[in-house]
Amino acid sequence: MVQSNQKPHLVLLSAPAHLQPVIELGKRLVTCQDVKATIIVASFVQSAPAESRMVQAALATKLFDVIHLPPADISNLVEPGDKGITSLSAAMHVVKPDFQAAILGLETLPTALVVHVFAIECLGIADELKIPKYVFVSTNAWFLATIVYTPVLDKEVEGEYADKKEPFALPGCSSIRAEDLPDPMLLRTKANYREYLKIGMEIPKANGILVNSWEELQPKTLTSLRDGNLLGGVVKAPIFPVGPINSEGSSALKNELFDWLDKKPTDSVLYISFGSMGGLSLEQMLELAWGLELSQQRFIWVVRPPIEKSGSGSGPKFGNIGDDMSSYLPEGFISRTRDKGMIVPQWAPQVEILSHPSCGGFFTHCGWNSAIECITNGLPMIAWPLYAEQRMNATLLTEEMGIAVRSETLPSKGIVGREEIEKMVRKVFVDEGRRQMRARVKELKLRAEKAWSNSGSSYDALAKMVKHSQKKAIAIDV
């Protein structure tokens, strides 16, 4: 039985490859709202080592307990070519019994359950436990609007969405072009679309929805999601914008890379990374290298081996790969750019680089975590969307917010040439329009800081969500 004076205990469930935002949400709950939190981690077999490192780092904070479920082996459940949401849903189906056992084994039973949107397979366990249930959407409100409205579009639109010339209207929100649709919507006959559609149907069954955005960033979309005559009539559950939820990193890092950065002028270095799962073809990597050299701007480039010889490349990709870069960069590139650029194999401490005073922009795949890290550091972006909902994010950042530039050719559809890459880099660092773009993103940074100050919009939204869960828990118990 839930007592009215019982300290809230929230269990947070991550989805494979989506752990970091859940950890950061847990930190906010514990430090800002004085609740007990337990994080339960789901992972793929191939992503488990990376997530184990995140778990150890999270445990070191001593803010909450973390339980890492046995990694999900889905090799017999999905076709080799099926990735994305199909894999995520299969993994959550596999770990569901272990997740339920983990909850029942807790010393203190939870008063509410929060599941990542791609772990929604396990949302119904809250009903069995008779506790309130919440969904955490770790990307932006426009994506949330799109996924919850997809069941409506599924009934109204005939044929493939990707073939339609007119943008799709989302009530009260910006419409979305066919080329910007999330990957699962591009082929309606595929399992990925069916799982995506299922998620859109399940989200409104939650008692509330947390989204990694904030009132001042997406006011129009959030208003629609709350208005019963617009998308609120589809969602039905209260919306809690609790962003920006992102890692703050460490200020104590010292190595050759940061020694190099320390010597560079303020706002002068472009950071280039395509996320942990993004990849480029050899042909595109060579064009990118030549474009960087032509731009004559300083850069740090996190380089991974190409995923194919020709074509645009994409993602997501998992796996360990070697660090020899000589065979997939232009001959002499590293030596010619030694004074202006630094090549980093495989991985770099992104949060710390973006927060360094010398960093002046981010060449990014437009994953929402990366976009938020850029906004909270006041940095303009070069948008290079590859997969998932990244094309949506790129459009949001360039056309609505005006804090990024992008290529005319979609990187996921064709090769972007060196001249266009040079042009984009110079737009961020040299051309006159850079000042207005930097001013806009600096303003968004200030608004993000305000959102998480005491009595800020996101601070208050999280407090309201906790109180909402307490009231719901008592009502369910009765």
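Residues numbered from 1 in each chain as written. Predicted model: local features only at pLDDT ≥ 70, side-chain atom pairs only at ≥ 80, totals over all residues. Heavy atoms only, no water.

Focus on the layout of surface pockets
The condition is simple: Only protein atoms enter the 1 Å grid used here. Points where a 1.4 Å probe fits but cannot escape make up a cavity, open sets with protein on both sides within 12 Å along at least five of seven lines make up a pocket, and a residue lines them when an atom lies within 4 Å of a point. Grid points are joined across faces, edges and corners, and a volume is the space filled by probe spheres set on the points. Counting from the N terminus, the helices are DSSP H or I runs at least four residues long and the strands are E runs at least two residues long. Three classes are used, and their members are as follows: Ala, Val, Leu, Ile, Met, Phe, Trp, Tyr, Cys and Pro are nonpolar, Asp, Glu, Lys and Arg are charged, and the others, Gly among them, are polar. Residue ranges assigned to each domain were obtained from an automatic or database domain assignment.
In this structure, the second largest pocket encloses a volume near 300 Å³. Lining of the second largest pocket is provided by 14 residues; of these, Asn246, Ser247, Glu248, Thr376 and Asn377 occupy positions nearest its centre. Counting residues per element, the lining of the second largest pocket draws most heavily on helix H16 (residues 434–451), at 3 residues. For the lining of the second largest pocket, the class distribution of residues is 4 nonpolar, 5 polar and 5 charged. Residue-level mapping places the lining of the second largest pocket at the junction of two domains, with at least three residues from each of domain 1 (9–248 + 452–477) and domain 2 (256–449).

A short note on the sheet that holds strand E5 (residues 133–137)
Each strand in a sheet pairs with another by means of backbone hydrogen bonds, the pair being arranged parallel or else antiparallel. The following threshold applies: The pairing criterion is simple: DSSP has to find at least two bridges between the two strands. The convention used is that axes are lines fitted to C-alpha atoms, helices contributing only their stretch in contact, and that angles between N-to-C directions extend from 0 to 180 degrees. Any pair of residues with heavy atoms lying within 4.5 Å of one another is described as a contacting pair.
With parallel pairing, the 7 strands of this open sheet are ordered in space as E3-E2-E1-E4-E5-E6-E7. The sheet terminates laterally at strand E3 (65–68) and strand E7 (239–241), the two strands that pair on one side only. Within the sheet, the average angular offset between the axes of one strand and its neighbour, ignoring direction, is 20 degrees. Of the pairings in the sheet, the one linking strand E4 (residues 112–116) to E5 comprises 4 bridges and is parallel in character. If you follow His116 over to E5, its bridge partner there is Phe136. Here helix H2 (residues 48–60) sits on the sheet in contact with strand E2 (36–41) and E3, set at roughly 165 degrees to E3. This element, helix H7 (residues 219–226), spans strand E6 (208–211) and E7 of the sheet and lies at about 160 degrees to E7.

Remarks on helix H13 (residues 368–376)
In plain terms, the rule: Whether a residue is buried, partly exposed or exposed follows from its accessible area with a 1.4 Å probe, protein chains only, as a fraction of its type maximum: under 20%, in between, or over 50%, in that order.
Within H13, 8 of the 9 residues are buried, which leaves it mostly tucked inside the rest of the structure. Every buried residue of H13 is listed here: Trp368, Ser370, Ala371, Ile372, Glu373, Cys374, Ile375 and Thr376. After H13 finishes, the residue Gly378 shows a positive phi value of roughly 65 degrees.

Observations regarding the nonpolar core
Basically, it comes down to this: For this analysis, a nonpolar core means a set of buried residues of the types Ala, Val, Leu, Ile, Met, Phe, Trp, Tyr and Cys, connected via side-chain atoms within 4.5 Å.
Core analysis: the biggest nonpolar cluster contains 102 residues, and Phe99, Leu225 and Ile300 have the highest contact counts within it. When residues are assigned to domains, this core turns out to be shared by domain 1 (9–248 + 452–477) and domain 2 (256–449), each giving three or more. Setting aside anything within four residues of it in sequence, one finds Ile300 in contact with Leu257, Trp260, Leu261, Val269, Leu270, Tyr271, Ile272, Met342, Val344 and Ile353.

Here we look at the packing of aromatic side chains
Keep this limit in mind: Paired rings are identified among Phe, Tyr and Trp, the last through its six-membered ring, by centres lying within 6.5 Å, and are further divided according to the angle between planes into stacked (under 30 degrees), edge-to-face (over 60) and tilted (the rest). When the NZ atom of lysine or the CZ atom of arginine is within 6 Å of a ring's centre and also within 35 degrees of its normal, the charge is said to sit over that ring.
A full pass over the atoms with the stated rule returns 10 aromatic pairs. For the pair Phe143 and Tyr196, a centre-to-centre distance of 6.4 Å together with 70 degrees between the ring planes defines the contact as edge-to-face. Taken together, the residues Phe143 in helix H5 (residues 141–156) and Tyr196 in helix H6 (residues 191–202) connect sequence positions 53 residues apart. Owing to a relative accessible area of 1%, Tyr196 belongs among the buried residues under this scheme. With 6.2 Å between their ring centres and 45 degrees between their planes, Phe274 and Trp384 make a pair best called tilted. Taken together, the positions of Phe274 in the loop between strand E8 (269–273) and helix H10 (282–295) and Trp384 in the loop between strand E12 (381–383) and helix H14 (390–400) put the pair 110 residues apart, joining distant regions of the chain. Each member of the pair Phe274 and Trp384 is classed as buried. A connected cluster of aromatic rings, assembled from ring pairs, spans Tyr161, Phe168 and Tyr193. One residue, Arg28, lies across the ring of Trp452, its end atom 4.2 Å from the ring centre.

With respect to the domain arrangement of the chain
Which entries qualify depends on this criterion: By buried area we mean how much accessible surface two parts lose on assembly, using a 1.4 Å probe and totalling the loss over both. What makes a salt bridge here is a side-chain nitrogen of Lys or Arg within 4 Å of a carboxyl oxygen of Asp or Glu, nothing more. Between N or O atoms, a polar contact is any pair within 3.5 Å; within protein, one atom must be a potential hydrogen donor and the other a potential acceptor, and residues adjacent in sequence are included only when both atoms are from side chains.
When cut into domains, the chain gives domain 1 (9–248 + 452–477) and domain 2 (256–449). For domain 1 versus domain 2, the distance between C-alpha centres works out to 27 Å. Where domain 1 abuts domain 2, roughly 2,500 Å² becomes buried across the two surfaces, and 59% of that area is made up of carbon and sulfur atoms. Together, Trp142, Trp214 and Leu217 form the three largest contributors to the area buried by domain 1 at its contact with domain 2, with a combined 19%. At the junction of domain 1 with domain 2, the criterion picks out 2 salt bridges. Arg177 serves as the salt-bridge partner of Glu399, at 2.8 Å between the closest nitrogen and oxygen. Joining domain 1 to domain 2, the criterion identifies 14 residue pairs in polar contact (both at pLDDT 80 or more). Here the element with the most residues in the side of domain 1 that touches domain 2 is H5; it accounts for 3 residues. Broken down by class, the residue content of the side of domain 1 that touches domain 2 amounts to 14 nonpolar, 12 polar and 7 charged.

Re the pairing of E5
Counting buried positions along E5 gives 5 out of 5 residues, so the element sits mostly inside the fold. Here E5 shows two buried faces, one formed by Lys133, Val135 and Val137 and the other by Tyr134 and Phe136. Pairing analysis gives 4 bridges linking E5 to E6, with the strands arranged parallel. Bridging across to E6, Tyr134 finds its partner in Gly208.

Concerning unusual backbone geometry
Glycine aside, a negative phi is what most residues show, and trans is what most peptide bonds show. A cis geometry characterises the amide bond from Gly243 onward to Pro244, with omega recorded as 0 degrees. Checked against the element boundaries, Pro244 lands in the loop between E7 and helix H9 (256–262). Even without glycine at this site, Asp34 takes up a positive phi of about 55 degrees. With respect to the secondary-structure elements, Asp34 resides in the loop between helix H1 (19–33) and E2. Residue classification places Asp34 among the exposed residues on the basis of a relative accessible area of 53%.

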